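Structure assessment
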Amino acid sequence: MSSSVYLVIPCYQESGRISRFLGELCDETQKLGGVSIRVVEDGSGDAEARRLRDIVAAQQNRSPHLLPPLMLPENLGKGGAVYAAWREEKNAEWLAFVDADGSCSALEVARLIRIAREDAPRSAFFASRIKMLGKTVERDFCRHLLGRVYASLVSELLDIPVYDSQCGLKLVPRLCFQAVQARLKIHGFAFDVELLVALLDSGCAVHEVPISWHEIPGGKVHLLRDPVRMARDVLKIKAARAQGGSAASLP
Ligand SMILES: Nc1nc2c(ncn2[C@@H]2O[C@H](COP(=O)(O)OP(=O)(O)OP(=O)(O)O)[C@@H](O)[C@H]2O)c(=O)[nH]1
Ligand SMILES: [Mg+2]
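Before going into details, it helps to say that this report is about the structure given with it. (Residues numbered from 1 in each chain as written. Chains lettered and ligands numbered in written order. Predicted model: local features only at pLDDT ≥ 70, side-chain atom pairs only at ≥ 80, totals over all residues. Heavy atoms only, no water.)

Description of the overall build of the chain
Regarding its fold elements, the chain presents eight helices and nine strands. Relative to the globule expectation of 18 Å for 251 residues, the C-alpha radius of gyration of the chain, 17 Å, shows essentially globular dimensions. In the structure as shown, the chain presents an accessible area of about 11,600 Å², 55% of it carried by carbon and sulfur atoms. The distance from the centre of the 32 positive side-chain charges to the centre of the 30 negative ones in the chain is 1 Å. (Helix = DSSP H or I, 4+ residues; strand = E, 2+ residues; numbered from the N terminus. Rg over C-alpha atoms; globule rule 2.2 N^0.38 Å. Areas by Shrake-Rupley, 256 points an atom, 1.4 Å probe, with all protein chains shown as cover. Lys, Arg positive; Asp, Glu negative; His and termini not counted. Charge placed at Lys NZ, Arg CZ, Asp CG, Glu CD.)

Structure representation (C-alpha coordinates):
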(Lines give C-alpha, C1' and ligand atoms only; values in the text may rest on other atoms or scores of the structure.)
(Ligands and ions follow the chains in the order given, each with its own letter.)
Protein backbone atom coordinates (compact mmCIF):
# COMPACT_ATOMS: atom_id res chain seq x y z
CA MET A 1 0.00 0.00 0.00
CA SER A 2 1.52 3.36 -1.06
CA SER A 3 1.85 6.16 1.48
CA SER A 4 -0.72 8.95 1.14
CA VAL A 5 0.10 12.39 -0.26
CA TYR A 6 -1.76 15.67 0.24
CA LEU A 7 -0.67 17.91 -2.62
CA VAL A 8 -1.39 21.64 -2.44
CA ILE A 9 -1.35 24.13 -5.33
CA PRO A 10 -0.99 27.74 -4.07
CA CYS A 11 -2.73 30.15 -6.45
CA TYR A 12 -2.54 33.88 -6.66
CA GLN A 13 -4.33 35.07 -9.80
CA GLU A 14 -3.73 31.78 -11.57
CA SER A 15 -7.02 31.16 -13.40
CA GLY A 16 -5.29 31.95 -16.69
CA ARG A 17 -2.46 29.43 -16.21
CA ILE A 18 -3.71 26.55 -14.09
CA SER A 19 -6.33 24.77 -16.24
CA ARG A 20 -4.13 22.67 -18.46
CA PHE A 21 -1.68 21.76 -15.69
CA LEU A 22 -4.47 20.87 -13.26
CA GLY A 23 -5.97 18.44 -15.79
CA GLU A 24 -2.61 16.78 -16.46
CA LEU A 25 -1.76 16.64 -12.75
CA CYS A 26 -5.10 15.06 -11.85
CA ASP A 27 -4.64 12.42 -14.56
CA GLU A 28 -1.07 11.52 -13.55
CA THR A 29 -1.81 11.39 -9.82
CA GLN A 30 -4.98 9.35 -10.34
CA LYS A 31 -2.77 6.71 -11.99
CA LEU A 32 -0.52 6.73 -8.90
CA GLY A 33 -3.39 6.48 -6.38
CA GLY A 34 -3.25 7.70 -2.78
CA VAL A 35 -2.86 11.37 -3.74
CA SER A 36 -5.37 14.09 -2.92
CA ILE A 37 -5.04 17.57 -4.42
CA ARG A 38 -6.11 20.86 -2.85
CA VAL A 39 -6.05 24.13 -4.79
CA VAL A 40 -5.62 27.15 -2.50
CA GLU A 41 -7.00 30.45 -3.80
CA ASP A 42 -4.96 33.09 -1.98
CA GLY A 43 -7.14 36.20 -1.81
CA SER A 44 -6.94 37.13 -5.51
CA GLY A 45 -10.25 39.06 -5.53
CA ASP A 46 -13.87 38.06 -6.16
CA ALA A 47 -13.85 37.70 -9.94
CA GLU A 48 -10.62 35.72 -9.96
CA ALA A 49 -11.84 33.52 -7.08
CA ARG A 50 -15.03 32.71 -9.03
CA ARG A 51 -13.05 31.76 -12.12
CA LEU A 52 -10.75 29.48 -10.14
CA ARG A 53 -13.66 27.86 -8.32
CA ASP A 54 -15.32 27.09 -11.71
CA ILE A 55 -12.11 25.57 -13.09
CA VAL A 56 -11.75 23.30 -10.06
CA ALA A 57 -15.46 22.32 -10.09
CA ALA A 58 -15.26 21.33 -13.77
CA GLN A 59 -12.18 19.19 -13.12
CA GLN A 60 -13.73 17.58 -10.01
CA ASN A 61 -16.33 15.92 -12.23
CA ARG A 62 -13.52 13.83 -13.76
CA SER A 63 -11.16 13.65 -10.78
CA PRO A 64 -12.61 12.56 -7.43
CA HIS A 65 -9.25 13.01 -5.69
CA LEU A 66 -9.38 16.78 -6.41
CA LEU A 67 -10.78 18.27 -3.20
CA PRO A 68 -12.91 21.44 -3.01
CA PRO A 69 -10.63 24.49 -3.17
CA LEU A 70 -9.55 26.29 -0.02
CA MET A 71 -10.64 29.90 -0.53
CA LEU A 72 -8.60 32.32 1.59
CA PRO A 73 -10.31 35.69 2.06
CA GLU A 74 -7.02 37.61 2.16
CA ASN A 75 -3.71 37.23 0.39
CA LEU A 76 -1.30 35.44 2.73
CA GLY A 77 1.60 34.95 0.32
CA LYS A 78 2.76 31.70 -1.22
CA GLY A 79 4.05 30.21 2.05
CA GLY A 80 1.00 31.34 3.97
CA ALA A 81 -1.27 29.64 1.44
CA VAL A 82 0.71 26.38 1.49
CA TYR A 83 0.80 26.29 5.30
CA ALA A 84 -2.93 27.15 5.63
CA ALA A 85 -3.71 23.97 3.71
CA TRP A 86 -1.00 21.79 5.27
CA ARG A 87 -2.14 22.72 8.78
CA GLU A 88 -5.64 21.44 8.16
CA GLU A 89 -4.50 18.01 6.97
CA LYS A 90 -4.35 15.46 9.80
CA ASN A 91 -4.00 12.12 7.99
CA ALA A 92 -1.78 12.08 4.93
CA GLU A 93 1.73 10.76 5.45
CA TRP A 94 3.18 13.34 3.04
CA LEU A 95 2.43 17.03 2.63
CA ALA A 96 3.45 18.49 -0.73
CA PHE A 97 3.08 21.56 -2.88
CA VAL A 98 3.58 22.36 -6.53
CA ASP A 99 3.42 25.69 -8.39
CA ALA A 100 0.26 26.33 -10.39
CA ASP A 101 1.90 27.22 -13.68
CA GLY A 102 3.07 23.75 -14.70
CA SER A 103 6.75 24.66 -14.90
CA CYS A 104 7.30 21.38 -13.01
CA SER A 105 5.30 19.05 -15.25
CA ALA A 106 2.73 16.58 -13.98
CA LEU A 107 5.10 13.77 -15.02
CA GLU A 108 7.87 15.23 -12.85
CA VAL A 109 5.47 15.59 -9.91
CA ALA A 110 4.49 11.92 -10.26
CA ARG A 111 8.17 10.92 -10.50
CA LEU A 112 9.08 12.79 -7.30
CA ILE A 113 6.16 11.19 -5.46
CA ARG A 114 7.32 7.75 -6.60
CA ILE A 115 10.87 8.48 -5.41
CA ALA A 116 9.63 9.71 -2.02
CA ARG A 117 7.40 6.67 -1.60
CA GLU A 118 10.38 4.34 -1.89
CA ASP A 119 11.35 5.82 1.50
CA ALA A 120 9.45 5.67 4.77
CA PRO A 121 8.08 9.19 5.32
CA ARG A 122 11.06 10.33 7.39
CA SER A 123 13.00 12.53 4.93
CA ALA A 124 11.81 15.50 2.88
CA PHE A 125 12.27 15.67 -0.91
CA PHE A 126 12.91 19.02 -2.60
CA ALA A 127 12.92 19.24 -6.39
CA SER A 128 15.97 21.09 -7.72
CA ARG A 129 16.60 22.89 -11.02
CA ILE A 130 20.11 21.66 -11.75
CA LYS A 131 21.34 22.14 -15.29
CA MET A 132 22.92 18.74 -15.86
CA LEU A 133 23.15 16.05 -18.50
CA GLY A 134 19.88 14.16 -18.79
CA LYS A 135 17.72 17.03 -17.49
CA THR A 136 16.25 20.03 -19.29
CA VAL A 137 16.05 23.28 -17.34
CA GLU A 138 14.68 26.09 -19.51
CA ARG A 139 14.67 29.42 -17.72
CA ASP A 140 14.97 33.07 -18.64
CA PHE A 141 18.66 34.04 -18.22
CA CYS A 142 18.00 36.90 -15.75
CA ARG A 143 15.80 34.71 -13.57
CA HIS A 144 18.36 31.92 -13.70
CA LEU A 145 21.15 34.31 -12.72
CA LEU A 146 19.17 35.86 -9.88
CA GLY A 147 18.18 32.39 -8.74
CA ARG A 148 21.84 31.33 -8.61
CA VAL A 149 22.84 34.45 -6.65
CA TYR A 150 20.00 33.86 -4.19
CA ALA A 151 20.81 30.18 -3.79
CA SER A 152 24.48 31.01 -3.15
CA LEU A 153 23.43 33.60 -0.55
CA VAL A 154 21.21 31.06 1.21
CA SER A 155 23.92 28.44 1.12
CA GLU A 156 26.70 30.75 2.40
CA LEU A 157 24.73 32.71 5.03
CA LEU A 158 23.02 29.69 6.50
CA ASP A 159 25.88 27.26 5.92
CA ILE A 160 23.64 24.74 4.17
CA PRO A 161 24.94 23.06 1.01
CA VAL A 162 21.66 23.47 -0.87
CA TYR A 163 21.66 24.05 -4.65
CA ASP A 164 18.09 25.27 -5.19
CA SER A 165 15.89 26.08 -2.20
CA GLN A 166 13.22 27.80 -4.33
CA CYS A 167 11.99 25.16 -6.77
CA GLY A 168 8.19 24.93 -6.69
CA LEU A 169 7.82 21.23 -5.91
CA LYS A 170 8.43 19.76 -2.47
CA LEU A 171 7.30 16.81 -0.35
CA VAL A 172 7.60 16.78 3.44
CA PRO A 173 6.59 14.05 5.90
CA ARG A 174 3.53 15.39 7.77
CA LEU A 175 4.96 14.49 11.18
CA CYS A 176 8.18 16.39 10.40
CA PHE A 177 6.19 19.47 9.36
CA GLN A 178 4.08 19.30 12.51
CA ALA A 179 7.22 19.10 14.64
CA VAL A 180 8.54 22.40 13.25
CA GLN A 181 5.45 24.36 12.26
CA ALA A 182 5.45 26.60 15.35
CA ARG A 183 8.85 27.95 14.19
CA LEU A 184 7.65 28.96 10.73
CA LYS A 185 6.99 32.68 10.52
CA ILE A 186 7.79 33.58 6.92
CA HIS A 187 4.88 33.51 4.47
CA GLY A 188 6.40 35.13 1.38
CA PHE A 189 8.59 33.61 -1.33
CA ALA A 190 11.41 32.81 1.16
CA PHE A 191 9.20 30.46 3.14
CA ASP A 192 10.91 27.39 1.67
CA VAL A 193 14.27 28.54 3.04
CA GLU A 194 12.88 28.77 6.56
CA LEU A 195 11.18 25.40 6.12
CA LEU A 196 14.45 23.85 4.95
CA VAL A 197 16.36 25.25 7.94
CA ALA A 198 13.69 24.14 10.42
CA LEU A 199 13.57 20.62 9.01
CA LEU A 200 17.36 20.20 9.02
CA ASP A 201 17.72 21.64 12.52
CA SER A 202 15.08 19.23 13.79
CA GLY A 203 16.97 16.24 12.39
CA CYS A 204 14.82 15.61 9.29
CA ALA A 205 16.99 14.77 6.27
CA VAL A 206 16.22 16.73 3.10
CA HIS A 207 17.08 15.26 -0.31
CA GLU A 208 17.37 17.45 -3.42
CA VAL A 209 16.14 15.67 -6.54
CA PRO A 210 17.10 17.08 -9.96
CA ILE A 211 14.09 17.61 -12.19
CA SER A 212 13.35 18.96 -15.65
CA TRP A 213 11.76 22.39 -15.56
CA HIS A 214 10.32 24.70 -18.22
CA GLU A 215 9.62 28.34 -17.52
CA ILE A 216 5.99 29.30 -18.12
CA PRO A 217 5.36 32.99 -18.95
CA GLY A 218 3.36 35.08 -16.47
CA GLY A 219 5.51 34.53 -13.35
CA LYS A 220 4.74 36.90 -10.49
CA VAL A 221 8.11 37.05 -8.76
CA HIS A 222 9.22 40.65 -9.36
CA LEU A 223 12.86 40.70 -10.46
CA LEU A 224 13.83 43.72 -8.34
CA ARG A 225 11.40 43.94 -5.40
CA ASP A 226 11.06 40.28 -4.43
CA PRO A 227 14.77 39.28 -4.31
CA VAL A 228 15.41 42.18 -1.88
CA ARG A 229 12.56 41.03 0.38
CA MET A 230 13.74 37.44 0.10
CA ALA A 231 17.32 38.38 1.01
CA ARG A 232 16.00 40.29 4.04
CA ASP A 233 14.06 37.18 5.05
CA VAL A 234 17.21 35.07 4.85
CA LEU A 235 18.90 37.47 7.27
CA LYS A 236 15.89 37.18 9.61
CA ILE A 237 16.13 33.39 9.45
CA LYS A 238 19.85 33.55 10.24
CA ALA A 239 19.21 35.88 13.20
CA ALA A 240 16.40 33.69 14.58
CA ARG A 241 18.62 30.65 14.25
CA ALA A 242 21.49 32.39 16.06
CA GLN A 243 19.13 33.13 18.94
CA GLY A 244 18.40 29.46 19.32
CA GLY A 245 15.40 29.36 16.95
CA SER A 246 14.08 26.59 19.23
CA ALA A 247 14.64 23.69 16.86
CA ALA A 248 11.88 21.25 17.65
CA SER A 249 13.05 17.67 17.52
CA LEU A 250 11.41 14.95 15.54
CA PRO A 251 8.53 12.97 17.01
N1 LIG B 1 -0.68 31.75 -2.46
C2 LIG B 1 0.08 32.56 -3.15
N3 LIG B 1 0.73 32.04 -4.12
C4 LIG B 1 1.46 32.86 -4.81
C5 LIG B 1 1.58 34.23 -4.52
N6 LIG B 1 2.36 34.70 -5.43
C7 LIG B 1 2.70 33.65 -6.20
N8 LIG B 1 2.15 32.56 -5.84
C9 LIG B 1 2.20 31.20 -6.34
O10 LIG B 1 3.53 30.78 -6.31
C11 LIG B 1 3.76 29.93 -7.40
C12 LIG B 1 4.98 30.42 -8.15
O13 LIG B 1 4.73 31.72 -8.61
P14 LIG B 1 5.21 32.15 -10.05
O15 LIG B 1 4.45 33.39 -10.38
O16 LIG B 1 5.10 31.01 -11.02
O17 LIG B 1 6.72 32.48 -9.79
P18 LIG B 1 7.77 32.83 -10.91
O19 LIG B 1 7.87 34.31 -11.02
O20 LIG B 1 7.42 32.11 -12.18
O21 LIG B 1 9.06 32.25 -10.28
P22 LIG B 1 9.71 30.87 -10.69
O23 LIG B 1 8.54 29.97 -11.03
O24 LIG B 1 10.45 30.40 -9.47
O25 LIG B 1 10.59 31.22 -11.84
C26 LIG B 1 2.46 29.93 -8.23
O27 LIG B 1 1.73 28.79 -7.93
C28 LIG B 1 1.78 31.19 -7.77
O29 LIG B 1 0.39 31.17 -7.89
C30 LIG B 1 0.89 34.77 -3.45
O31 LIG B 1 0.92 35.94 -3.10
N32 LIG B 1 0.13 33.88 -2.80
MG1 LIG C 1 6.68 30.09 -12.21
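From this point on, the discussion continues.
With respect to the pattern of salt bridges
One pass over the structure, following the stated rule, counts 18 salt bridges. Close ionic contact of K78 with D99 constitutes a salt bridge, the shortest N to O distance being 2.7 Å. Within this pair, whereas K78 is found in helix α3 (residues 78-88), its partner D99 is found in the loop between β4 (94-98) and α4 (106-117), the two being separated by 21 residues in sequence. One connected set of salt bridges, linked through shared partners, spans E14, R17, D101 and K220. (Salt bridge = Lys/Arg side-chain N within 4 Å of Asp/Glu carboxyl O.)

Observations regarding the sheet that holds strand β7 (residues 169-173)
Spatially, the seven strands line up as an open sheet ordered β3-β2-β1-β4-β7-β5-β8, and their pairing is mixed. Each of the sheet's edge strands pairs with one partner strand only, and the pair in question is β3 (70-72) and β8 (206-210). Here the average twist between neighbouring strands, direction ignored, is 20°. By the bridge criterion, two bridges tie strand β5 (residues 124-128) to β7 in an arrangement that is antiparallel. Its bridge partner being in β7, F126 is matched across the sheet by K170. Most of the contacts of helix α2 (residues 46-60) go to strand β2 (residues 35-42), to which it runs at about 165°, and overall it touches β1 (5-11), β2 and β3. (Pairing = 2+ DSSP bridges. Axes fitted to C-alpha atoms, helices over the stretch in contact; angles between N-to-C directions. Contact = heavy atoms within 4.5 Å.)

Re helix α7 (residues 191-202)
Compared with the 16 Å implied by 1.5 Å per residue over twelve residues, the 17 Å span of α7 between its first and last C-alpha is a close match. Most of α7 is tucked away: ten of the twelve residues are buried. Along α7, the residues that are buried comprise F191, D192, V193, E194, L195, L196, V197, A198, L199 and S202. Once α7 finishes, G203 follows within two positions and takes phi at roughly 100°, a positive value. (Expected span 1.5 Å × (residues − 1). Buried < 20%, exposed > 50% of the residue type's maximum accessible area, 1.4 Å probe, protein only.)

Some remarks on the site of ligand 1
Surrounding ligand 1, one finds 21 residues, the nearest of these being P10, E14, D42, R143 and K220. Contact with the protein chains removes 94% of the 630 Å² of surface that ligand 1 exposes when unbound. If you map ligand 1 onto the pockets, it falls in the largest pocket. Sorting the residues of the shell around ligand 1 by element identifies β1 and α3 as the ones contributing at least two each. (Near = heavy atom within 4 Å. 1 Å grid on protein atoms, 1.4 Å probe; cavity = no way out; pocket = protein on both sides within 12 Å on 5 of 7 lines; lining within 4 Å. Sits in = over half its atoms within 2 Å of the grid points.)

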